[in-house]
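Each chain, written out:
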Amino acid sequence: MSAGWNHWSRPGSNATHIKAQVLNNSHLRWFPRLTLAAFLLPLGFGLFATWLPAVGYLPAIGAHQLSLNPWQQVFNHPSAASALWLTLKTGLLSAILATLLSLLLLMLLYDTRFWRIIQWLLAPVLAFPHVAFAAGLALLIAPSGWLMRWISPGLSGFETPPDWLLVKDPAGFSLILTLTLKELPFLLLMSLSAVHQLAIRQSLTVARSLGYDQYQSWLKILLPQLWPQLRLPALAVLVYSLSTVELALVTGPTTPPTFAVLIHRWFNDPDLQQRLTASAAATLLLLICALAVIVVLVMEKLMQRCCRGWLINGRRSSYLKILRPLAAPVAAGLLIITGLNLLVTILWSVTRRWRFPDALPSQWSGRYWLASLEQLQQPFWNTLLAGMGSVLIAIVLVVGCLEYEQVLKRRNARFDPSRTLWLLYLPLLIPQIAFVFGLQTLLLTLHLEASRISLIGAHLIFVLPYTFLTLAGPYRAFDERYQTLAIALCRSRWRAFWQVKRALLTRPLLLTMSVGFAVSVAQYLVTVYVGAGRIPTITTEAVSLASGSDRRVASVYVLWQLLIPLAGYTLALCWPAYGNRHS
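Here the structure is a predicted model, which means the values were calculated and not measured. (Residues numbered from 1 in each chain as written. Predicted model: local features only at pLDDT ≥ 70, side-chain atom pairs only at ≥ 80, totals over all residues. Heavy atoms only, no water.)

Colleague: Provide a residue-level description of the state of the cysteines, including the pertinent values.
Modeller: Here a disulfide denotes a covalent bond joining the sulfur atom of one cysteine to the sulfur atom of another. With the rule as written, the count across this model stands at zero disulfides. You can see Cys 306 has no disulfide; the closest cysteine sulfur is in Cys 307, sitting 6.5 Å from it. Exposure remark for Cys 306: the relative accessible area of 63% places this residue in the exposed category. (Disulfide = S-S within 2.5 Å. Buried < 20%, exposed > 50% of the residue type's maximum accessible area, 1.4 Å probe, protein only.)

Below you can see the structure in the form of structure tokens.
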């Protein structure tokens, strides 16, 4: 990021030297450096402090000799090979399915009535936290789930739940389904953002005038322009799918589990020597994710070379049109599954008695909600504190960075925003399990373990990238002439910013804060490690209950995890209208 912000001068030029002097005098120049430090330093220290135990060095448990024994223990463990295979199978398949489905839906449904419905419903679907979605899906597709209850006993003949392992199945199909359905809306949102930067309608019109049908136009003209902007989100989905712990705990296999869950178990093993094995395994998972990213980039280059002939072969029609009748039903099915997912969670949260195969509860009760009001007080305040603290710091840093970017532009300094993207995506391209133990060790050394300040700092690592990516577009699109006119009238840059620019950007600022807050609420692994299990949040409680407990209690906790960020979104949407009416 700093390279992008600082890469604007020409050495040897007097004018450039003067501009550099002026820019260096701006206090805003510290914001990019602070922003980089806020998420790169914890990442770097966390990785380094994980790599040392991976080679046998962890003085806290009496390990002072460098050795490769931790790696040997990983490879000799009876579950390691099968866990690795399971991780590769579920992670790669779900990432490929989510990417292909998002591209197909975009190409087949773009600019149709159904596409506009998808656009409208995308934000509420994205507000669904990962754990809440996985828990709801488990309630839907389990042998005793709602779908089975609909067809029982009439169609299925089952009077009791069948002995089928549909959730947490050994092959990992339920985990693949969960990851695909949850990551698909994120990729669709990224596609929407990318599509708005391309002249889609003009390109399609030109292509049609040359005889190409709509689908061939997408494949040969638009997709090559679209993919560079979708590359980083797709890679982030790939890394998340390979390394997720919370979703694998709720819907993934247990014997063996995925490799990330196995590492999580080793890190929490009562035998302290297992920390060395876990560190080596976490480093191995990091290498696997890095290798997967490299393979994707190499395949992209190979496809570019192999498809050159196909791009100019003159073929005007595509077989993709065969899939057109299926696109709308598939998209509708995905939306219906998400809606049913939420509905069955709500039903279980107010259930007192729901016997199989009844389609609806026979007795209703709100006592689990009432009980949760007392039980969740501490997790609620911890969630609120971590979310608000990290979001407020993130929004100040991001606004400072974007203001400095405007300073560079006003002074005709060269700046390429695309160069910052790789750095912004870095926390999303590194598995959390690969650095959280190192971060915990560092905090333990500094006597900052299990403190709320540490928790806010740890959440900031993930809140910052999403805050920047959400706010950058609206902030860069702001007409700076308003700001210039305000400065001329009030002769104060700060007053002009606060009374004019901040007021005009209230809605995007609040929406960005709500997105950052939702990201903080959803953090599980980093909360468990940095909080050392002593700072419970709504998400940590929801994961522990959703992975095997009373469905009614788990549903209440999962819905709280959904309601808290939803309240943030609602406030962000309603507050600007209320403020304007009363200003």
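Right, picking up where we left off after that structure.
Colleague: An account of the nonpolar core is needed here, citing residue identities and associated values.
Modeller: Among the nonpolar cores identified, the biggest contains 142 residues, and Trp 218, Leu 226, Phe 259, Ile 263 and Phe 435 are the most heavily contacted of them. The biggest single contributor to this core is helix α11 (residues 214-243), with 14 residues. Leu 139, Val 344, Leu 347 and Trp 354 belong to the second largest nonpolar core, which has eight residues in total. (Core = buried A, V, L, I, M, F, W, Y, C linked by side-chain atoms within 4.5 Å. Helix = DSSP H or I, 4+ residues; strand = E, 2+ residues; numbered from the N terminus.)

Colleague: Could you give an account of the side chain of Thr 277, with specific residues and numbers?
Modeller: Structurally, Thr 277 is set in helix α14 (residues 274-306). In contact with Thr 277, not counting residues within four places along its chain, are Pro 70, Gln 73, Val 74 and Trp 266. (Contact = heavy atoms within 4.5 Å.)

Colleague: Break down the pattern of salt bridges for me, with residues and values.
Modeller: Applying the stated rule across the entire model yields nine salt bridges. Taking the shortest distance from any N to any O, the salt bridge between Glu 403 and Lys 501 comes out at 2.6 Å. Of this pair, Glu 403 sits in helix α18 (residues 377-410) while Lys 501 is found in helix α23 (residues 493-504), placing the two residues 98 residues apart along the sequence. The residues Glu 403 and Lys 501 share a single accessibility class, namely buried. The closest approach of N and O atoms between Arg 552 and Asp 550, which form a salt bridge, is 3.0 Å. (Salt bridge = Lys/Arg side-chain N within 4 Å of Asp/Glu carboxyl O.)

Colleague: Could you give an account of a nonpolar patch on the surface, with specific residues and numbers?
Modeller: A grouping of Trp 85, Leu 88, Leu 92, Ile 96 and Leu 100 is seen on the molecular surface, where their side chains present a nonpolar patch of about 480 Å² in accessible area. Tracing the backbone through its elements, the reader meets Trp 85 in helix α5 (residues 80-109). (Patch = residues over 30% accessible without salt bridge, like charges linked within 9 Å, V, L, I, M, F, W, Y side chains within 5 Å. Areas by Shrake-Rupley, 256 points an atom, 1.4 Å probe, with all protein chains shown as cover.)

Colleague: Quick rundown of the packing of α5 against helix α16 (residues 324-349)? Include the residues and the values.
Modeller: One way to put it is that α5 packs onto α16 with a least axis distance of 10 Å and a crossing angle of 120°. Judged by the inter-axis angle, α5 sits oblique to α16. For the pair α5 and α16, the sense of crossing is left-handed. In contact with Leu 101, Leu 105, Leu 108 and Leu 109 of α5, α16 contributes Arg 324, Ala 327, Ala 328, Val 330, Ala 331 and Leu 334. Classifying every residue of the contact of α5 with α16 gives nine nonpolar, no polar and one charged. (Axes fitted to C-alpha atoms, helices over the stretch in contact; angles between N-to-C directions. Parallel < 35°, antiparallel > 145°, perpendicular 65-115°, else oblique. Left-handed = near helix turned anticlockwise from the far one by under 90°. Nonpolar A, V, L, I, M, F, W, Y, C, P; charged D, E, K, R; others polar.)

From the geometry alone we can't say anything about function, so treat these as descriptive.
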